[in-house]
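# Observations on the model geometry
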Amino acid sequence: MAEERSRSQKFYNYPEPRAFDVPYKPPPPPANPVVRGLPLYFGASLVSSVSSIQNLLWSNAGFSGLRGLPELEDIAPRYDPTVIPVQDSSTSVQKNTD
């Protein structure tokens, strides 16, 4: 049933797909340690108050790697959900009259 819905689902402001010839590169193995309990609590307090630690952890997690991709140079960033699902006009809405 989910397959049927995804095929018939329409979206407003959906971007046009573009083909890219970019070879797959596997990501590097994760280097972040697992932290639990009180060290997590105190570490989170420290990270939230010191911006240099925030920047270090952001870079270590690999989030900054997306900014340097040449495939994304001509793409404008979007900060809001501009793709909105709309109802297909060929399907009718059934009203419950009970």
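Before any of the text, the structure's been laid out above.
If you're wondering where the values come from, they're calculated on a predicted model, not measured in any experiment.

If you add up the space inside the largest pocket, you get close to 430 Å³. Lining the largest pocket are 18 residues; nearest its centre among them are Lys25, Pro26, Pro27, Pro28 and Gly62. A class-by-class count of the residues in the lining of the largest pocket yields 12 nonpolar, 4 polar and 2 charged. Each pocket or cavity is described by its volume, and for the second largest pocket that value is around 220 Å³. Forming the boundary of the second largest pocket are Leu66, Arg67, Leu69, Leu72, Glu73, Ile75, Ala76 and Pro77. Classifying every residue of the lining of the second largest pocket by side-chain character gives 6 nonpolar, no polar and 2 charged.

Take the packing of aromatic side chains next. Taken as a whole and assessed by the stated rule, the structure comprises 2 aromatic pairs. Both rings, one in Tyr41 and one in Phe42, keep their centres 5.2 Å apart while their planes meet at 75 degrees; by these two values the pair is edge-to-face.

Turning to the packing of helix H2 (residues 38-49) against helix H3 (residues 51-61), a few remarks are in order. In the contact formed by H2 and H3, the axes pass within 5 Å of each other and the chain directions differ by 105 degrees. In this view, H2 runs roughly perpendicular relative to H3, as classed from their interaxial angle. Packed against H2, whose contacting residues are Leu46, Val47, Ser48 and Ser49, the element H3 presents Ser51, Ile53, Gln54 and Leu57 at the interface. Residue composition of the contact of H2 with H3, grouped by class: 4 nonpolar, 4 polar and no charged.

This next bit is on the environment of Pro81. For Pro81, the location among the structural elements is in the loop between H3 and strand E2 (84-86). Classification of Pro81 by relative accessible area gives exposed; the value is 71%. Taking the C-alpha atoms as reference points, Pro81 and Asn13, separated by 68 residues in sequence, lie 10.0 Å from one another.

Our focus in this paragraph is a nonpolar patch on the surface. Nonpolar side chains collect at one region of the surface, where Leu66, Leu69, Leu72 and Ile75 lie side by side and expose about 330 Å² of accessible area between them. Inspection of the secondary structure puts Ile75 in the loop between H3 and E2.

Each value, and the rule that gives it
- Residues numbered from 1 in each chain as written.
- Predicted model: local features only at pLDDT ≥ 70, side-chain atom pairs only at ≥ 80, totals over all residues.
- Heavy atoms only, no water.
- 1 Å grid on protein atoms, 1.4 Å probe; cavity = no way out; pocket = protein on both sides within 12 Å on 5 of 7 lines; lining within 4 Å.
- Points joined across faces, edges and corners; volume = space filled by probe spheres on them.
- Nonpolar A, V, L, I, M, F, W, Y, C, P; charged D, E, K, R; others polar.
- Phe/Tyr/Trp six-rings, centres within 6.5 Å; stacked < 30°, edge-to-face > 60°.
- Axes fitted to C-alpha atoms, helices over the stretch in contact; angles between N-to-C directions.
- Helix = DSSP H or I, 4+ residues; strand = E, 2+ residues; numbered from the N terminus.
- Parallel < 35°, antiparallel > 145°, perpendicular 65-115°, else oblique.
- Contact = heavy atoms within 4.5 Å.
- Buried < 20%, exposed > 50% of the residue type's maximum accessible area, 1.4 Å probe, protein only.
- Patch = residues over 30% accessible without salt bridge, like charges linked within 9 Å, V, L, I, M, F, W, Y side chains within 5 Å.
- Areas by Shrake-Rupley, 256 points an atom, 1.4 Å probe, with all protein chains shown as cover.
- Salt bridge = Lys/Arg side-chain N within 4 Å of Asp/Glu carboxyl O.

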